[in-house]
Amino acid sequence: MALFSSRKTKFVDSDILVIGGGFGGCGAAYESRYWGRDLKVVVVEKANIERSGAGAQGLYAINCYMGMQWDENQPEDHVRYARNDLMGLVREDLVFDIARHVDSTVHKFEEWGLPFMKDKETGRYLREGKWQIMIHGESYKPIIAEAARKAASEVYNRIMVTHLLMDKARPNRVAGAVGFSVRDGNFYVFRSKAVIIAAGGASHIFKPHSIGEGMGRTWYAPWSSASAYGLPIQIGAKMTQMENRIVLTRFKDGYGPVGAYFLHLKTTTENAYGENYEPNWYNSIKEMVGDYVDHQPVPTCLRNHAFLQEVMAGRGPIRMVTKEAFKDPHKETVGWENFLGMTIGQAVVWASQNIDPKETNPELVMSEPYVMGSHATCSGAWASGPEDCAPADYQWGYNRMMTVDGLFGAGDTIGGTAHKFSSGSFTEGRIAGKSAVKYVKDLGSDQPQLNETEYEDLKTVVYQPIENYKVGRNEIVAGTVSPSYISPLQGIQRLEKIMDEYAGGIGTFYMTNEPMLNRGLELLAMLKEDLDHIGAEDLHQLQRAWELNHRVLTSECVTRHTLFRQETRWPGYYYRADYPKLDDTEWHVFTASQYDPKTGEWHMTKLPVHHIIE
Ligand SMILES: Cc1cc2nc3c(=O)[nH]c(=O)nc-3n(C[C@H](O)[C@H](O)[C@H](O)COP(=O)(O)OP(=O)(O)OC[C@H]3O[C@@H](n4cnc5c(N)ncnc54)[C@H](O)[C@@H]3O)c2cc1C
């Protein structure tokens, strides 16, 4: 009790507030300083930027690099690639904007000390695939964090941001954010002229394969908790493509990456009987999606679909054929280093399960769904595009500004722009930072003002789970069972079960339909009511409570988008059983949602897909 009675409120003023110090956030801090030498740039991060975010444990490849200096690829090629992989639907202006700037970001990483593998003959970066280059990236995150630390005026680590603040005088303008320190419990009020959200994607929305002893073993980082979506949704920002959840084929149980295996080691997959199964599903896929199946490379979701169908036909497990490749000492080294550089857990899983990839072809699995905007899918906020190439209806102000004035985003936060990965997320952070500086300079004397009642009320709301616990704990039975509150763990398990069973998780082989989605929404509404009765016994649990809050709002958004899009656009990611085919006549569009914080209602619309690259 003494811990919380000494709780203080701390005020932090800034010109630019960056929420989340991962790849997008570090890029935003770096570039904001470059253009805004005299501005106060503050980064707020719930962990520690040194080792935070999806790339915290290191990466073995930079997955987005054009190689324009050697004429390897042009930005237009990357737009075609992303469009193809997303079955026709990407914000081409935003993808192009990242692609044309991403090489300069990668060159900076090398300057800052990130070790790159080089082709011994040409001296170029060693390619893993057409877009990927190989790095010794265990320390990738500390290296880019150093640049952000030097650029920012102040970095606040261990502060969980829970809500955004709006301007007192002008509707629809952001004015800052609030959060609490997960170390000392102090309440933070950040006042800022511009806010950039770069808070990463969302795991633990859908029930994962690994529960019980393996809980926390997911592909996407377990600490990616949907704040990138929950924060803007709360204040009515327009969201797009939230139904476009990602499902990945990965090594079973450790979720080790397969990219280096497919692309560099040239391994293939086979079913339980040693057969190449993908061609068997060609005709049925063509029936569902038409000519998209003939595109090269075959879109990721369609390859997932073939995997899934083969397993459902009883010919699983699907395995990666490693025995041949691992006879080559160079490939064997790459195969293991790939895990040591980014997913050590996979090497441990293989050791614990007696799997030597030289002797045994390891099993693959299709993951539970995740929500994100920087990998192979593009959920996120609807953002204004670059003024030189965005069509008029994709442009209402500053590049990467959401539909809320002064609110920008980068990385997983921004929708419609798949395949940016680490380098593209940092690049998008740079783009957002530059725009935010321009926005702040254009504001002049028209400064946003905080509403004291708003942040004082939020202070009560933020710590309510602690109060709930303090009162309700007297009734606890059997150690953890309380009639008066639910714990964050109970809440997240309930959320995962709802999403899994009704919104197309692993439990239904990613299948859903209108009645299931509607029932899922009813159950989510009941869960939302119970969020007022979450109990948090300490600051760690308080953080879990607010992460759950952001996850639940995001889940509702995902469910509503899935309900709205009456087609199966990406078989292999999810299926609408009542609309089992791709429908380009009605649905060659983006889906959009807007939550009304006053009424709790959602407004769904279609937005046009403009093709600006041939
Ligand atoms: C398993 C895996 C493998 C990957 N492999 C590759 C690869 O090989 N190559 C590649 O280029 N890319 C890879 N990526 C993609 C890359 O990591 C992401 O594209 C990138 O990290 C996205 O950047 P971001 O800034 O949006 O999110 P992140 O980098 O995840 O950063 C988000 C930050 O926000 C913080 N945060 C979240 N919520 C709050 C809050 N409420 N308050 C304060 N702070 C908050 C988080 O702690 C985190 O630091 C991989 C990702 C994963 C998960």
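Residues numbered from 1 in each chain as written. Predicted model: local features only at pLDDT ≥ 70, side-chain atom pairs only at ≥ 80, totals over all residues. Heavy atoms only, no water.

## So, unusual backbone geometry
Of note, the bond from Gln296 into Pro297 is cis; its omega dihedral lies within 30 degrees of zero at -5 degrees. With respect to the helices and strands, Pro297 occurs in the loop between α8 (282-289) and α9 (300-312). For the peptide bond that leads from Gly316 to Pro317, omega is 0 degrees, which places it in the cis range. By the element assignment, Pro317 lies in the loop between α9 and β12 (319-321). For Met87, which is not glycine, the phi torsion reads 55 degrees and is therefore positive. Tracing the backbone through its elements, the reader meets Met87 in the loop between α3 (75-85) and α4 (92-111). Its identity is not glycine, yet Arg400 carries a phi of approximately 70 degrees, on the positive side. Among the secondary structure elements, Arg400 is positioned in the loop between β14 (380-381) and β15 (407-409). With a relative accessible area of 0%, Arg400 lands in the buried category. (Helix = DSSP H or I, 4+ residues; strand = E, 2+ residues; numbered from the N terminus. Buried < 20%, exposed > 50% of the residue type's maximum accessible area, 1.4 Å probe, protein only.)

## Concerning the packing of helix α15 (residues 514-530) against helix α16 (residues 539-564)
Direction vectors running N to C along α15 and α16 enclose 160 degrees, while the axes themselves pass 10 Å from each other. With respect to α16, the axis of α15 lies roughly antiparallel. Here the hand of the crossing between α15 and α16 comes out left-handed. In contact with Glu514, Leu517, Asn518, Leu521, Leu524, Leu527 and Lys528 of α15, α16 contributes Val552, Leu553, Ser555, Glu556, Thr559, Arg560, Thr562 and Leu563. Looking at the contact of α15 with α16 residue by residue, the classes come out as seven nonpolar, four polar and four charged. (Axes fitted to C-alpha atoms, helices over the stretch in contact; angles between N-to-C directions. Parallel < 35°, antiparallel > 145°, perpendicular 65-115°, else oblique. Left-handed = near helix turned anticlockwise from the far one by under 90°. Contact = heavy atoms within 4.5 Å. Nonpolar A, V, L, I, M, F, W, Y, C, P; charged D, E, K, R; others polar.)

## As for the domain arrangement of the chain
Taken domain by domain, the chain consists of domain 1 (249-366) and domain 2 (452-581). Look at where the C-alpha atoms of domain 1 and domain 2 centre, and you get two points 32 Å apart. Every contact between the two is made by 13 residues of domain 1 and, on the other side, 12 residues of domain 2. Carbon and sulfur atoms make up 65% of the surface buried where domain 1 meets domain 2, a total of about 1,100 Å² over both sides. The interface formed by domain 1 and domain 2 includes one salt bridge. (Domains from an automatic or database assignment. Buried area = accessible area lost by both parts, 1.4 Å probe. Salt bridge = Lys/Arg side-chain N within 4 Å of Asp/Glu carboxyl O.)

## Comments concerning the site of the ligand
Gly24, Glu45, Ala61, Ser374 and Ser422 are the nearest of the 32 residues found near the ligand. Taking Lys46, its main chain carries an N or O atom lying 3.0 Å from a nitrogen atom of the ligand. Within the contact set of the ligand, a nitrogen atom lies 2.7 Å away from a backbone nitrogen or oxygen of Ala61. Relative to its free-state accessible area of 990 Å², the ligand is covered by the protein chains to the extent of 96%. Every element with two or more residues in the shell around the ligand is listed here: α2 (23-35), β3 (59-62), β6 (159-166) and α12 (421-443). Here the residues of the shell around the ligand sort into 15 nonpolar, 14 polar and three charged. (Near = heavy atom within 4 Å. Polar contact = N/O pair within 3.5 Å; in protein donor to acceptor, adjacent residues only side chain to side chain. Areas by Shrake-Rupley, 256 points an atom, 1.4 Å probe, with all protein chains shown as cover.)

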